[in-house]
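# Residue-level structural notes
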Amino acid sequence: MVTKWDSKYETNISEIDSQHKKLFRLINNIETVYDENKEHLSGKSRILLDAVSELEDYTLSHFLIEERVMELNQYPALEAHKKQHDKFTDKILELKNRLTSGNLLTNDAELDQFFGDLLNFLRAWLTNHILKEDMDYKPYIKFNI
């Protein structure tokens, strides 16, 4: 189930919305590779690992920019928001380490379970984080970087 961008996710901060859209595309890219190769995911392990790494890198960059916008606008819940970002970053690192350790990349059944769980986590986290945490800072943003 590909997660579609919807106007309900808009913060009305153009740079942030643009980055959120890219995060949706990166997650959907992982899901497309997963859906098209469920029976032989081990043959696509390099593509999947690269896609997860790209998502991780882009997310880190996005978080820095988003946190800078909140800082410049003196968002009072910045530290709590950063903690949410840190928890996500830790989870992605944990999942990536799990993916690259042991025999997971060569076991189709385990890869299927892993990527099913990963996609459920990513979809839920991104949509919930934007709709709750990011919407909370929206009224405080007077200018963008």
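The protein carries the name Hemerythrin in an unreviewed UniProt entry, which gives Leptospira noumeaensis as its organism. Under the UniProt heading Sequence similarities (unreviewed entry), the entry covering the protein gives this text: "Belongs to the hemerythrin family."

Look at Asn 12: it is not a glycine, yet its phi comes out positive at around 65°. As for its placement among the helices and strands, Asn 12 is situated in the segment before helix H1 (14-36). The exposure class assigned to Asn 12 is exposed, which follows from its relative accessible area of 57%. Although it is not a glycine, Gln 74 sits at a positive phi angle of roughly 55°. Mapping Gln 74 onto the fold places it in the loop between helix H2 (45-72) and helix H3 (78-100). Of the residues examined, Gln 74 reaches a relative accessible area of 68% and is grouped as exposed.

When the charged atoms of two side chains lie near each other, side chains of opposite charge can form a pair. Counted under the stated rule, the structure contains seven salt bridges. We note a salt bridge from Glu 31 to Arg 123, for which the minimum N-O separation is 3.0 Å. Taken together, the residues Glu 31 in helix H1 and Arg 123 in helix H4 (residues 108-137) connect sequence positions 92 residues apart. Of the charged contacts, one joins Asp 50 and Arg 46 as a salt bridge, the two residues approaching to 3.0 Å between their closest N and O atoms. In this pair, Asp 50 and Arg 46 both sit in helix H2, four residues apart, roughly one turn of the helix. With a relative accessible area of 40%, Asp 50 lands in the partly exposed category.

Analysis parameters
- Residues numbered from 1 in each chain as written.
- Predicted model: local features only at pLDDT ≥ 70, side-chain atom pairs only at ≥ 80, totals over all residues.
- Heavy atoms only, no water.
- UniProt positions renumbered as here; feature names shortened; annotations may be inferred.
- Helix = DSSP H or I, 4+ residues; strand = E, 2+ residues; numbered from the N terminus.
- Buried < 20%, exposed > 50% of the residue type's maximum accessible area, 1.4 Å probe, protein only.
- Salt bridge = Lys/Arg side-chain N within 4 Å of Asp/Glu carboxyl O.

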